[in-house]
Amino acid sequence: MDLDTCTSPGFFPPPALFSNISSAQEGDLILAQCLVFSHVPITHIFFCKNGVELAKHSVGRGQFTSRLAVQVSAESSGTYSCRYQRRSGLGEFMLSKLSISWLLTIRGEWMRIKGRLSLMWGP
């Protein structure tokens, strides 16, 4: 996994990242979809979490979307985004800008943190 994939600036317009949920409990299955608005073929779609590459999906000719399934665990909380790669007019591989981020919070995790704060400072 390339750390620059999710932190470097991009050259092309960003894709859109959609999810079926923003808050979940451990064990839930969440689907995220990255949708690219382009008429030019793309080669890959990347999913990022907290600025680190989480998944790299190859896409075929005429495809402009990819999905990511997340089985929620205690480590799933974070900021997710996506971007795509395509060839420039000179044949170089270049990245898009990052999508608008999606923040996933795990309800059980917040309740554990809230419980510890209550013990420290009272209700």
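Below you will find a few notes about this structure. As the structure is a computational prediction, the values presented were derived from the model and not from experiment.

**A closer look at the overall build of the protein chain**
Broken down by element type, the protein chain carries one helix and nine strands. Mapped from its N terminus to its C terminus, the protein chain presents α and β elements in the order β-β-β-β-β-β-β-β-β-α. When the 123 residues of the protein chain are sorted by exposure, 36% land in the buried category. Counted over contacts in the protein chain with a minimum sequence separation of 6, partners at least 24 positions apart contribute 65%. When the accessible surface of the protein chain is totalled, it reaches about 7,500 Å², and 60% of it is carbon and sulfur.

**Considerations on the nonpolar core**
Soluble, globular proteins show a tendency: their nonpolar side chains are buried together. Leu17, Ile30, Ile45, Phe47, Trp102 and Leu104 are the most contacted members of the largest nonpolar core, which totals 22 residues. Contributions of two or more residues to this core are made by β3 (29-35), β4 (44-49), β6 (65-71), β7 (78-87) and β9 (102-106).

**Points about the packing of aromatic side chains**
Tallied over the full model, the rule gives one aromatic pair. Note on Tyr80 and Trp102: the rings are 4.9 Å apart at their centroids and 45° apart in plane angle, and the pair reads as tilted. In this pair, Tyr80 sits in strand β7 while Trp102 sits in strand β9, placing the two residues 22 residues apart along the sequence. Across this residue pair, the class does not change: Tyr80 and Trp102 are buried. Over the face of the ring belonging to Phe12 we find Arg86, whose NZ or CZ atom lies 3.7 Å from the ring centre.

**Thoughts on the environment of Cys34**
Position of Cys34 relative to the elements: it lies in strand β3. The exposure class of Cys34 is buried, given its relative accessible area of 0%. Sequence spacing of Cys34 and Arg83 is 49 residues, and the spatial spacing of their C-alpha atoms is 7.7 Å.

About the criteria used
- Residues numbered from 1 in each chain as written.
- Predicted model: local features only at pLDDT ≥ 70, side-chain atom pairs only at ≥ 80, totals over all residues.
- Heavy atoms only, no water.
- Helix = DSSP H or I, 4+ residues; strand = E, 2+ residues; numbered from the N terminus.
- Buried < 20%, exposed > 50% of the residue type's maximum accessible area, 1.4 Å probe, protein only.
- Contact = heavy atoms within 4.5 Å.
- Areas by Shrake-Rupley, 256 points an atom, 1.4 Å probe, with all protein chains shown as cover.
- Core = buried A, V, L, I, M, F, W, Y, C linked by side-chain atoms within 4.5 Å.
- Phe/Tyr/Trp six-rings, centres within 6.5 Å; stacked < 30°, edge-to-face > 60°.
- Lys NZ or Arg CZ within 6 Å of the ring centre and 35° of its normal.

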